[in-house]
Amino acid sequence: MRLEIRGLSFSYESTPILKNVAFSVGQGEFLGVMGPNGSGKTTLLRCMCKVLEPRVGTVLIDGRDLRRFTRDEIAKTVGVVPQIPTVDAAFTVFEIVLMGRASHIGRFGAESARDLEVVEEALKMTDTLHLADRTFDELSGGERQRVIIARALAQEPRVLLLDEPTVHLDIKYQLELLELIERLNKQIGIVIVAVFHDLNLASQHCDSIILLHNGRIEAIGAPERVLTPESIRRIYGVDVVVKRHPVTNALHVAPYLSKKSDRLKSRATVHLVCGGGSGSVLMNLLLERGMTVTAGVLNVLDTDYETARSLGLSVVGEIPFSMITDESFAANLALIEQSNILVLTDFPIGPGNLRNLQAVEEALKKSIPVFVIESTPDQQRDFTGGIALEYMARLKKKAIVVRSTKECLQAIIDLQEQACSLKPKELNTSSPKNTENIEASELVNE
Amino acid sequence: MIGEETIVSLFERKRHRWRLTIAALSIALTLAIFFMTLVGSMGPIGPSGGERIPLQAALDILFGESENWPENFRAIIMDIRLPRILLGVLVGCSLAVSGAVMQGVFKNPMADPYIIGLSAGAAVGASASTFLPLKQDIGMYALPLMAFIGATSTVFLVYQIAKSRGRTRVETLLLSGIAVGSFLAAVTSFLLYLSGQQFRFLFFWLLGGLWMASWKVVWIVFPVISIGTVLLQLFARDLNAMLLGEEQATHLGIDVKKVEKILLALTSLVAGTAVAFSGIIGFVGLIIPHMMRIRVGPNHTLLLPASTLAGGLFLASVDTVARTIIAPTEIPVGVLTALCGAPFFAYLLRKSRRVWL
């Protein structure tokens, strides 16, 4: 069994939807089709079951052009589970699944024992046998979706096309449905081609993924090769962190909104001394406002380290579970010297990262403004037998203490606005439009 | 949890129900035909000015032993009443099955056999026929022929108008049916205005009635309607799938556009033949499929034959009332179907909360 698409292009009226799409799927493969809204995913599926007939390019099933298939033959080869299937009439589940046999029964035939067997098997596989005599419109979304899959299975297809099968399902049904699809794929060997919106579900279950963008294939291959932060940013315009799921080891794609606001454009550099995830949120918030963010020293594998890396920040890393070496300390100081502002978050302090506090002290000596976030009391974070507390007490005398990340961000913005608003009185010759940029750049150069 | 054999038993139960429904309707129809031949002016049942056919005479005549009774008794029952009842059955069957099919094709509970201009076209054809210079004996068939031509060519015209870039959407078909229909209604009004002496005759035809009935007419109508109706039943499974929507039906292996075209052609043939001889009888094609849907569900494998039989039963029965209730005059049956059909339909609407397809 091989499904091959060659040079497929499709246009509605004069709007091109698919442009030179080519790929192939073989026996037992599970292919995910992904891409933003309007990228041509559904159109691609429609071309693959001859609901639409492309003028350019071919769809081949085992080497035979789909155009040469009759409707009956297609129905016996390709099962389709459409997006949000609705049924206006009061058909029972049995009647609907039996419709899947239409192409086998034929116009003059009658339902045979074998037809009933296949229907029963399809109902069993989708766990809908107990619903057989119920009316379709009284079922829940998850049940309906399973019934429609049963109908497609009753066609005894070798390829199953699913258009966003998990949409409108709650998380439990989503997982159950994908389990079912995976079972059909692995146990019966049905080729699966499914459109997904959920990057995580897709990466977890698909053997390979096609990323469509404006009707073209942007990337194709194994999920970890296709779903990279770069490709997702390019195609969806969204920043994501791609990690491994802690339990399943499947790819885990977590998006974050990057609101690049022009109004708050600032060229300040903020250095974070953080750890254990205490700085991750702030990193993103600062980046959103156009600031440059650096961080250190962080142990590799630390949440903040991973965040910093996936955000593309300059960060000083240290081997996991080891003390900060002189080298790292120096590198960190170098970053601190380049920054305009330093933020010390409230991470647990032990002997390993104690030297980070020393680095903060150095920053104060160089009169870099320091913000200390204190949402948990120092005592609870001290694992150095009091040495850290002494440091903190000294630091807090000169630093600005804030209660939360949000407060810290506001304080940083205020500080910069102050710096900006002082200058225009002196520089009233410059046009107000450029003032901010000038101030910002001066702030950096201070 | 349903056990191993239940899909088979579920299917058997449905099949049993199918047989039961069809058998019940067939028996009811046969009994009704038999009973209705006894009803009418001169009886045995019904109004009588003076002379009345004895029940024994009617039964003898029906069972082919008419020698002992006056010839006019035989003529009334066998040559006047029976063909009229049979024409009623045939017309009722064709309107109801066409209505059920149209509701399925258009996925619209308001659809009936006339929805895409069939009745409007027939009316224009019928009105135009009175202006043809024809002799009386051919003239008798000129109206049905012209009505039939008007009906089928209108459906074809509507289909062509709705076709754009090789595709026909059912919604467009519906709308172009309305557009053409209202245009033709105006044409009919104008022709009626000009018709002069023929006005009353045409007006009667427009109201719908079975007074053209004769054995000749039955023999013309019977093959067309029976073959057409049987062919329509073959598309029951396609109609089921098409109710799910064009795309899903395509997934299930149905060439929707082709099937639509065939069904439009078959229904306009079947309903066009009925309309040609009986005029525009309303409501049968609309309410019988709905009544049956409430009783037997949306599955066309049962809905189509059930509607066919119920339509025949209904129209023949209503016509029996129409020709006796104000004897010696008769009410146009189209008026009566609407008079009794509409309130009953309203009652059904109130009573059931079903999905309408």
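Calculation rules
Residues numbered from 1 in each chain as written. Chains lettered and ligands numbered in written order. Predicted model: local features only at pLDDT ≥ 70, side-chain atom pairs only at ≥ 80, totals over all residues. Helix = DSSP H or I, 4+ residues; strand = E, 2+ residues; numbered from the N terminus. Rg over C-alpha atoms; globule rule 2.2 N^0.38 Å. Core = buried A, V, L, I, M, F, W, Y, C linked by C-beta atoms within 7 Å. Buried ≥ 20, exposed ≤ 12 C-beta atoms within 10 Å, placed from the backbone. Contact = placed C-beta atoms within 7 Å. Pairing = 2+ DSSP bridges. Axes fitted to C-alpha atoms, helices over the stretch in contact; angles between N-to-C directions. Nonpolar A, V, L, I, M, F, W, Y, C, P; charged D, E, K, R; others polar. Domains from an automatic or database assignment. Right-handed = clockwise from strand over helix to strand, strands pointing away. pLDDT = per-residue confidence, 0-100. Expected span 1.5 Å × (residues − 1). Parallel < 35°, antiparallel > 145°, perpendicular 65-115°, else oblique. Left-handed = near helix turned anticlockwise from the far one by under 90°.

Draft legend 1. Main features of the overall build of chain B. Check the secondary structure of chain B and you find 14 helices and two strands. Compactness check: chain B gives a C-alpha radius of gyration of 21 Å against a globular reference of 21 Å for 357 residues, within 12% of the reference. Overall, the C-alpha framework of chain B stretches about 65 × 55 × 35 Å when taken along its three principal axes.

Draft legend 2. Region of interest: the nonpolar core. The biggest cluster of nonpolar side chains holds 177 residues, and the ones touching the most others in it are V97, L161 and V193 of chain A together with A310 of chain B. With 15 residues, helix α3 (residues 71-106) of chain B is the single largest residue contributor to this core. When residues no more than four places from it in sequence are discounted, the contact partners of L161 of chain A are L45, M48, C49, V78, V80 and V193 of chain A.

Draft legend 3. Molecular detail of the sheet that holds strand β4 (residues 56-61) of chain A. Residues and elements named next belong to chain A. Taken in spatial order, the four strands of this open sheet run β2-β1-β4-β5, and their pairing is antiparallel. The open sheet is flanked by β2 (15-26) and β5 (64-65), the only strands paired with a single partner. Seen against the sheet, helix α1 (residues 41-48) touches β1 (2-12), β2 and β4 and runs at an angle of roughly 60° to β2.

Draft legend 4. Seen up close, the interface of chain A and chain B. At the junction of the two partners, chain A supplies 31 residues and chain B supplies 27 residues. Counting residues per element, the side of chain A that touches chain B draws most heavily on helix α2 (residues 71-77) of chain A, which supplies four residues. Residues belonging to the side of chain A that touches chain B are distributed by class as follows: 19 nonpolar, three polar and nine charged.

Draft legend 5. Main features of the environment of L29 of chain B. Residues and elements named next belong to chain B. With respect to the helices, strands and loops of the structure, L29 is situated in helix α1 (residues 6-36). On the basis of neighbour counts, which here come to 22 C-beta atoms within 10 Å, the residue L29 falls in the buried class. Ignoring any residue separated from it by four or fewer positions in sequence, one finds L29 in contact with V89, L309, G312 and L313.

Draft legend 6. Layout of the domain arrangement of chain A. As assigned here, chain A comprises domain 1 (2-255) and domain 2 (269-413). Of note, the centres of domain 1 of chain A and domain 2 of chain A, computed from C-alpha atoms alone, are 48 Å apart.

Draft legend 7. Layout of the pairing of strand β15 (residues 314-318) of chain A. All names here are of chain A. Two elements, strand β14 (residues 292-299) and β15, share four bridges in a ladder whose sense is parallel. By the bridge assignment, A295 is partnered in β15 with V315. The β-α-β motif built from β14, the intervening helix α12 (residues 303-310) and the parallel element β15 has right-handed crossover chirality.

Draft legend 8. Region of the structure containing the environment of Q358 of chain A. Residues and elements named next belong to chain A. By the secondary structure assignment, Q358 is in helix α14 (residues 355-365). What makes Q358 partly exposed here is the crowd of 13 C-beta atoms within 10 Å. Along the sequence, Q358 and F329 sit 29 residues apart, while their C-alpha atoms lie 9.2 Å from each other.

Draft legend 9. Highlighting the sheet that holds strand β3 (residues 30-34) of chain A. All names here are of chain A. The mixed open sheet is built from six strands, whose spatial order is β6-β7-β8-β3-β9-β10. Only two strands of the sheet have a single neighbouring strand rather than two, namely β6 (78-81) and β10 (216-221). If you compare each strand with its neighbour and ignore which way they point, the axes differ by 15° on average. Summarising the sheet, β3 and strand β8 (residues 191-195) pair through four bridges and their orientation is parallel. Paired with G32 across the bridge in β8 is A194. Strand contacts of helix α6 (residues 141-154): β6 and β7 (159-163), with the helix running at about 170° to β6, the strand carrying the most contacts. Contacts between helix α7 (residues 171-188) and the sheet are confined to β3, β7 and β8, with β8 contributing the most and set at about 150° to the helix.

Draft legend 10. Representation of the confidence of the model for chain A within the structure. Within chain A, residue pLDDT values average 85, and 92% of them lie at 70 or more. Helix α18 (residues 432-445) of chain A is the least confidently modelled element of chain A, averaging 43 in pLDDT, while β8 of chain A averages 94, the highest of any element.

Draft legend 11. Main features of helix α6 (residues 170-194) of chain B. Under the 1.5 Å per step criterion, the end-to-end length of α6 of chain B is 36 Å for 25 residues, consistent within 8% with the ideal 36 Å. Looking at the residues trailing α6 of chain B, positive phi occurs at G196 of chain B, about 60°.

Draft legend 12. Spotlight on the packing of α14 of chain A against helix α16 (residues 387-398) of chain A. Residues and elements named next belong to chain A. Across the interface, α14 lies against α16 with an axial gap of 10 Å and an inter-helix angle of 20°. On the basis of their axis angle, the class for α14 and α16 is roughly parallel. Relative to α16, α14 is oriented so that their crossing is left-handed. Contacts between α14 and α16 pair L357, V360, E361 and L364 from the former with A388, Y391, R394, L395 and K398 from the latter. Taken together, the residues of the contact of α14 with α16 break down into six nonpolar, no polar and three charged.

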